[in-house]
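# Fold and geometry: a report
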Amino acid sequence: MIFDPEPKGSRRDLFDRVEEIGKIKSLSSPITLVLGLRRTGKSSVIHVALNELSLPYTYIDLRKFAVDCGGGV
Ligand SMILES: Nc1ncnc2c1ncn2[C@@H]1O[C@H](COP(=O)(O)OP(=O)(O)OP(=O)(O)O)[C@@H](O)[C@H]1O
Ligand SMILES: [Mg+2]
């Protein structure tokens, strides 16, 4: 679904990002950081790569534990 606010899990639903997905799939390092501006598709790229690798994985969405640190009064 194109307007789903959640990260995409399938390449069919993800526009472009072919290079980024390929890089993640070819990595052999134990730790990989995917950094970028908010809402630019970082989680989606990770999801798609992991799903295509068909390896067992655990995904922990830390937004569930987020503390509101906004500067509001
Ligand atoms: N290349 C893309 N094609 C289609 N939808 C996209 C693409 N990139 C991002 N989106 C959509 O934009 C939204 C944000 O994507 P996603 O959650 O993957 O980004 P993020 O960088 O992990 O965000 P955050 O910074 O909040 O963690 C989601 O609805 C996602 O489906
Ligand atoms: Mg994310």
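All of these numbers come straight from a predicted model, not from anything done at the bench. (Residues numbered from 1 in each chain as written. Chains lettered and ligands numbered in written order. Predicted model: local features only at pLDDT ≥ 70, side-chain atom pairs only at ≥ 80, totals over all residues. Heavy atoms only, no water.)

This brings us to a nonpolar patch on the surface. On the surface, a nonpolar cluster with roughly 410 Å² of combined accessible area is contributed by I31, L33 and L35. Positionally, L35 belongs in the loop between α1 (18-26) and α2 (42-53). (Patch = residues over 30% accessible without salt bridge, like charges linked within 9 Å, V, L, I, M, F, W, Y side chains within 5 Å. Areas by Shrake-Rupley, 256 points an atom, 1.4 Å probe, with all protein chains shown as cover. Salt bridge = Lys/Arg side-chain N within 4 Å of Asp/Glu carboxyl O. Helix = DSSP H or I, 4+ residues; strand = E, 2+ residues; numbered from the N terminus.)

The subject of this paragraph is the site of ligand 1. In the region of ligand 1, 15 residues are neighbours, and D4, K8, R38, K42 and S44 sit closest. A total of 630 Å² of accessible area belongs to ligand 1 in isolation, and the protein chains cover 83% of it. Of the residues that constitute the shell around ligand 1, the class distribution is 4 nonpolar, 4 polar and 7 charged. (Near = heavy atom within 4 Å. Nonpolar A, V, L, I, M, F, W, Y, C, P; charged D, E, K, R; others polar.)

In this section: the nonpolar core. The biggest cluster of nonpolar side chains holds 6 residues, and these are L14, I21, I24, V45, V48 and A49. With 3 residues, the top contributor of residues to this core is α2. A49 has contacts with I21, I24 and K25, leaving out every residue within four places of it along the chain. (Core = buried A, V, L, I, M, F, W, Y, C linked by side-chain atoms within 4.5 Å. Buried < 20%, exposed > 50% of the residue type's maximum accessible area, 1.4 Å probe, protein only. Contact = heavy atoms within 4.5 Å.)

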